[in-house]
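Structural description and commentary
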Amino acid sequence: YYDNALTSELSGANVMFGFMYRYEDIARFGLTIKTPTSITVHETYSNAGQSAFDDTTGYYYAYDANNDYGITTPWVFGAGASFTPFEGLLLSGQIEYTDWTQIQWTDNSDLENENNLLKQEFRSTLNYAVGGEFEIPKTELRVRAGYSFKPSAYVGDPSSFGQTTITAGAGVLLQDNVMVDVAAMFGSFKTYHNNYGDAAFNLSRTDESISTTN
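The present account deals with the structure reproduced in this document. (Residues numbered from 1 in each chain as written. Predicted model: local features only at pLDDT ≥ 70, side-chain atom pairs only at ≥ 80, totals over all residues. Heavy atoms only, no water.)

**Observations regarding the overall build of the chain**
Helix and strand counts for the chain come out as two helices and 13 strands. For 214 residues, the compact-globule formula gives about 17 Å, and the C-alpha radius of gyration of the chain, at 24 Å, lies well above that figure. Here the C-alpha coordinates of the chain stretch approximately 80 × 40 × 35 Å along the principal axes. Here the chain holds 214 residues, and 19% of them are scored as buried. Long-range pairs, those at least 24 residues apart, make up 52% of the contacts in the chain with a sequence separation of at least 6. Surface accessibility of the chain: about 15,000 Å² in total, with carbon and sulfur atoms responsible for 56%. The centroid of the 11 positive side-chain charges in the chain is displaced by 15 Å from the centroid of its 26 negative side-chain charges. (Helix = DSSP H or I, 4+ residues; strand = E, 2+ residues; numbered from the N terminus. Rg over C-alpha atoms; globule rule 2.2 N^0.38 Å. Buried < 20%, exposed > 50% of the residue type's maximum accessible area, 1.4 Å probe, protein only. Contact = heavy atoms within 4.5 Å. Areas by Shrake-Rupley, 256 points an atom, 1.4 Å probe, with all protein chains shown as cover. Lys, Arg positive; Asp, Glu negative; His and termini not counted. Charge placed at Lys NZ, Arg CZ, Asp CG, Glu CD.)

Rendered as structure tokens:
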């Protein structure tokens, strides 16, 4: 058997600034800036394993440790807009830019030595999302749909490793200030794991296709 346990306690803070300009009831334009997030992490982890063989020999291993470190995330810049081409239809879209090469370890000298490696492993990404809402004439029913894509932040990952999300929903206006909404979200992406050892040895790789439904 092999048991691995990890418990993490995280705390952090950041600030987001936003600006929106509204042009009558036709269009809106927005900008956001999110400052880097400073995260403090305390981890407790353990590894334990045992094997037994037919010749009565065996092997046992156990290790427990604590680890403390910090992480500073990059700046995040966003922009969005919505547009009403005619009454009853609302179209919207947004983009979000993050330079993941700015991510850094902090408060741990051993990990801080790996910050140059992080710059080589990560890249900048541009997330985007589009959506729309249509109000069915002569009813209080609204239907909605959306699509978003978040590329992988790792250098060399193909587009299939990015997270694709499709959303659908509907709402009914019961009164001027009461609405009932339902929504569904379907996500998918691909990834892989090296189960034993470093990726360079390729001892046991698992390729995965992951789907989510909310």
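**Points about the side chain of Ser152**
As for its placement among the helices and strands, Ser152 is situated in the loop between strand 10 (141-150) and strand 11 (163-175). Among the residues examined, Ser152 registers a relative accessible area of 11% and is labelled buried. Within the structure, Ser152 has its side chain in polar contact with the backbone nitrogen of Tyr154 (distance 3.2 Å). Polar contacts involving the side chain of Ser152 include one to the side chain of Asp157, which spans 2.6 Å. (Polar contact = N/O pair within 3.5 Å; in protein donor to acceptor, adjacent residues only side chain to side chain.)

**A word on the sheet that holds strand 9 (residues 124-135)**
Ordered in space as 2-3-6-7-9-10-11-12-13, the nine strands form an open sheet in which the pairing is antiparallel. Edge strands, defined here as strands with exactly one partner in the open sheet, are strand 2 (16-23) and strand 13 (205-213). Each neighbouring strand pair of the sheet contributes to a mean axis angle of 10°, computed without reference to strand direction. Summarising the sheet, strand 11 and strand 12 (residues 178-194) pair through eleven bridges and their orientation is antiparallel. When the sheet's bridge partners are listed, Gln175 is paired in strand 12 with Val178. (Pairing = 2+ DSSP bridges. Axes fitted to C-alpha atoms, helices over the stretch in contact; angles between N-to-C directions.)

**Focus: the pairing of strand 2**
Summarising burial for strand 2: zero of the eight residues are buried, a small minority. Where strand 2 lies against strand 3 (residues 27-34), eight bridges are found, and the strand directions are antiparallel. Bridged to Tyr21 within strand 3 is Phe29. Between strand 2 and strand 3, which pair antiparallel one after the other, the connecting turn spans three residues, and Glu24 there sits at a positive phi close to 50°.

**Comments concerning the sheet that holds strand 5 (residues 58-72)**
Strand order in the open sheet made by the four strands is 1-4-5-8, with antiparallel pairing throughout. The strands lining the two open edges of the sheet, one partner per strand, are strand 1 (2-13) and strand 8 (104-106). Mean inter-strand twist for the sheet, computed between neighbouring axes without regard to direction, equals 30°. As paired strands, strand 4 (residues 38-52) and strand 5 are joined by 15 bridges and run antiparallel to one another.

**Some details on the nonpolar core**
Inside soluble globular proteins, nonpolar side chains tend to come together where they are buried. Counting seven residues, the largest nonpolar core consists of Val41, Tyr69, Ile71, Ile103, Leu118, Phe122 and Ala153. Those residues within four positions of Phe122 in sequence are excluded, and the remaining contacts are Trp100, Thr101, Ile103, Ala153, Tyr154 and Val155. (Core = buried A, V, L, I, M, F, W, Y, C linked by side-chain atoms within 4.5 Å.)

**Here we look at the pairing of strand 6 (residues 76-83)**
Of the pairings in the sheet, the one linking strand 3 to strand 6 comprises eight bridges and is antiparallel in character. Bridging across to strand 6, Lys34 finds its partner in Val76. Pairing of strand 6 with strand 7 (residues 89-99), which is carried by eight bridges, proceeds in the antiparallel orientation. Across the sheet, residue Phe77 finds its bridge partner in strand 7, namely Tyr97. Count of turn residues in the strand 6/strand 7 antiparallel hairpin: five residues, of which Gly88 carries a positive phi of about 105°.

**Description of the pattern of salt bridges**
Counted under the stated rule, the structure contains five salt bridges. Arg22 is paired through a salt bridge with Asp25; the nearest N and O atoms lie 2.6 Å apart. Via salt bridges that share partners, Glu133, Arg144 and Asp181 belong to a single interconnected network. (Salt bridge = Lys/Arg side-chain N within 4 Å of Asp/Glu carboxyl O.)

**Re the side chain of Ser148**
Along the chain, the position of Ser148 falls in strand 10. Taking the relative accessible area as the measure of exposure, Ser148 reaches 17% and is therefore buried. Once residues within four sequence positions are removed from consideration, Ser148 is found in contact with Tyr128, Ala129, Gln163, Thr164 and Thr165.

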